[in-house]
Amino acid sequence: MRAKLALVVLSLLLVIPRAADNTAWFGTPVPPPLSDPRKPIMKHDDAFAVLPTHFARRSGRHDELLVGAVLKADHQKIVGFSLESLAAGDKVWGRRAATPAFIHTIEWTVNELKTAGLKDAKTETYAVPGPMWVPVSWQLQVVGDPAFGAGTQTVTLQSAFPQPGGATIAGGSLTAPVVFVGHGTDADLAGRDLKGKMAVVHVRPEPSLFGSAEQGVAARLVQKGALGVINAVEGPGNAQYFDSRFACGKAPCFMIGGNDGWFLQQVIGKAANAGVLDKLKVSMSLASEEKSALTSANGVATIPGQSAKRIIVNAHADGYFQGGDDNASGLAVLVGLARYFSKQPPPKHTLMFVASGGHHGPGNGPGSLVAAHPELKDSTLLILNLEHVGYADVVRGKTRAPNNTGMSWELSVTEAAKAVGVTNESPFLIDLWRQAARCYGVATYQSVGPTVSGDLGGYRPLGVPMTQMIQSGTFYHSSGDVYEAVPAEALERAARFHAFLLEKADEAPEALITAAKGTPYQSALKGCQ
Ligand SMILES: [Zn+2]
Ligand SMILES: [Zn+2]
């Protein structure tokens, strides 16, 4: 009898939440609000300064135009256009192509180039093909139920950000049970019924959303019957993210930050353990619209050379949120380089500076530039792209994160290593890049290859050598990509190296730049100058 009673008590214990859990949401603390997008999310501790720059000033060379403080002042102005967009109430705020804040960025750049003496600096507008998706309002809630503990109230996930394409939900909102799908691989989906449910994917930005294995998963989940998708990003704080690779067509798809994602996954697990997962529902609301017949722009200026053959220096001016590294960093360096070269003796080749309309939809800046300038086809020698050139390195390895998603994220005193791309793998160009780390302290990968991701795609029709260094970090395409995440020293290292690269490429015989991979080559570089 006693044994029977014990069994009854035991089975009751299995289905009824234990006393410790008998509080709201099984005792799980509700997530904090959205991390302030005006401030760094990362632990920002100045105990150790970032690696200093030790560049000797060369007399008569106007190196003062490339010092970190000067570049950082421009960087702040560029980020300021994004904050203007935030203050104006733009939902997808930042320097999103074709929006007023973006056009102001282009106009500012053109004005700076003009002031630097590039007389032909101008804004070149182009019609944007296709519409721009704009969210009007949205909300993502985890619906409370007494089964999750006494006093459980509905929780609004405040970092929730809708992904491009989601249509206005008929009737305003959609409420359905959740299904957790891990990373959304076929192995994760085995035995999972997605039909009529809201799928939750765990996204690891490893090392960033650009490299994440969960790209495209959201769209596949909808094809398999999910009503909507929540991409829960394993990231610091509670940031917002915006990236079309995590969208799912017309269905509602959201990305949520680290704190919201942790809460949601915790309560899914606890509800499952308590046998009440079927009661756990998510409610999505979304209203969106499409804007069409938009105009975007490139800012273009040249420093005439002795030859009509040109070297194009490109930086995309658009970006999401503050876009501190993507790509206020590259644009600040472009402006600095234009000022610097305007003070040097005339180059051999014409230097063409392009603040491009970029590729953060809608439209494509470089593609539109190439279409508007057929003369570029035969007159371009080389294209250098400045993109994501100064992000501080984010490390995880010291203390365990309180939410146990692994180690806490911290800024280090170095910059994130950049991947170097040289499309034709010219031995001479690679030799120049070899000096980036050696002479200028620029952190790069140890390898080099022909791949150039980012803004250069639109220049491909020109069929000329293109080169760049680029990286994408923890806060790529998120509200965490802030002004503070780009050290002044990083901008100076990038600017000084790119000035060197441009000078050497300009002086060199053209055959060295166009030489294919494996062409015999003898380095003629003399030290670091
Ligand atoms: Zn980007
Ligand atoms: Zn970019």
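That block above? That's the structure.
This write-up is about the structure you can find in this document. These figures come from a predicted structure and were not determined experimentally.

## Concerning the nonpolar core
If you look at the biggest cluster of nonpolar residues, it comprises 63 residues, and the most contacted ones within it are Leu337 and Phe353. In terms of residues, this core owes the most to one element, helix 7 (residues 324-342), which gives 10 residues. The residues touching Phe353, leaving out its near neighbours within four places in the chain, are Leu113, Leu118, Gly299, Val300, Ala301, Ile303, Val313, Leu334, Leu337 and Ala338. Counting 30 residues, the second largest nonpolar core, distinct from the first, contains Val217, Val394, Trp409 and Ala485.

## A few points about the pattern of salt bridges
Across all of its chains, the model carries 18 salt bridges by this definition. Asp431 is the salt-bridge partner of Arg434, the closest N and O atoms lying 2.8 Å from each other. Here Arg434 pairs with Asp431, and both are found in helix 10 (residues 427-440), just 3 residues apart, close to one helical turn.

## Here's the deal with the coordination of the zinc ion (ligand 2)
At 2.1 to 2.4 Å from the zinc ion (ligand 2) lie its protein donor atoms, namely His316 (NE2), Asp326 (OD), Glu387 (OE) and His388 (NE2). In this structure, the zinc ion (ligand 2) is surrounded by 4 donor atoms whose angles at the metal cover 79 to 171 degrees, and the resulting shape is irregular. Counting the intervening residues between successive donors of the zinc ion (ligand 2) yields the motif H-x9-D-x60-E-H. A gap of 3.5 Å separates the zinc ion (ligand 2) and the zinc ion (ligand 1), which Asp326 links by coordinating each metal. Separated by 62 residues along the polypeptide, Asp326 in helix 7 and His388 in the loop between strand 15 (380-386) and strand 16 (392-400) bring together distant segments of the chain.

## A short note on helix 3 (residues 100-115)
Between the first and last C-alpha of helix 3 there are 22 Å, a value that for 16 residues agrees with the 22 Å anticipated at 1.5 Å per step. Within helix 3, the full set of buried residues consists of Ala101, Phe102, Thr105, Ile106, Trp108, Thr109, Val110, Glu112 and Leu113. Taken together, the buried residues of helix 3 touch helix 2 (68-87), strand 1 (94-95), strand 2 (122-127), strand 11 (295-303), helix 7 and strand 14 (349-356). In the segment just after helix 3, Gly117 is the residue with positive phi, at about 105 degrees.

## With respect to the state of the cysteines
One pass over the full model with this rule turns up 2 disulfides. Between the sulfur of Cys248 and that of Cys253 lies a disulfide, 1.9 Å long from S to S. Note on the Cys248 and Cys253 pair: the S-S dihedral is about 115 degrees, so by sign convention the disulfide is right-handed. Here the two residues Cys248 and Cys253 agree in accessibility, since each one is buried. Numbered by position along the chain, the disulfide-linked cysteines of the chain connect as 1-2, 3-4.

## Some points on the pairing of strand 9 (residues 253-256)
Here strand 9 shows no split at all, with Cys253 and Met255 on one side and Phe254 and Ile256 on the other all buried. Bridge analysis of strand 8 (residues 228-233) against strand 9 gives 4 bridges, and the strand direction is parallel. Residue pairing for strand 9: Val229 is matched across the bridge by Cys253.

## Considering the layout of surface pockets
Its volume calculated, the largest pocket comes out at about 750 Å³. Lining the largest pocket are 40 residues, with Pro207, Ser208, Tyr445, Gln471 and Ser472 positioned closest to its centre. At the level of elements, strand 16, strand 18 (418-422), strand 19 (444-449) and strand 20 (466-470) are the ones that each hand at least two residues to the lining of the largest pocket. It is strand 19 that provides the largest number of residues to the lining of the largest pocket, a total of 4 residues. Across the lining of the largest pocket, the residue classes break down as 15 nonpolar, 17 polar and 8 charged. The computed volume of the second largest pocket comes to approximately 520 Å³. At the level of elements, strand 16 and strand 17 (407-415) are the ones that each hand at least two residues to the lining of the second largest pocket.

The rules we used
- Residues numbered from 1 in each chain as written.
- Chains lettered and ligands numbered in written order.
- Predicted model: local features only at pLDDT ≥ 70, side-chain atom pairs only at ≥ 80, totals over all residues.
- Heavy atoms only, no water.
- Core = buried A, V, L, I, M, F, W, Y, C linked by side-chain atoms within 4.5 Å.
- Buried < 20%, exposed > 50% of the residue type's maximum accessible area, 1.4 Å probe, protein only.
- Helix = DSSP H or I, 4+ residues; strand = E, 2+ residues; numbered from the N terminus.
- Contact = heavy atoms within 4.5 Å.
- Salt bridge = Lys/Arg side-chain N within 4 Å of Asp/Glu carboxyl O.
- Donors = N, O, S within 2.8 Å, 3.2 Å for Na, K, Ca; no water.
- Tetrahedral: all angles 85-135°; square planar, octahedral: opposite > 155°, others 65-115°.
- Expected span 1.5 Å × (residues − 1).
- Disulfide = S-S within 2.5 Å.
- Pairing = 2+ DSSP bridges.
- 1 Å grid on protein atoms, 1.4 Å probe; cavity = no way out; pocket = protein on both sides within 12 Å on 5 of 7 lines; lining within 4 Å.
- Points joined across faces, edges and corners; volume = space filled by probe spheres on them.
- Nonpolar A, V, L, I, M, F, W, Y, C, P; charged D, E, K, R; others polar.

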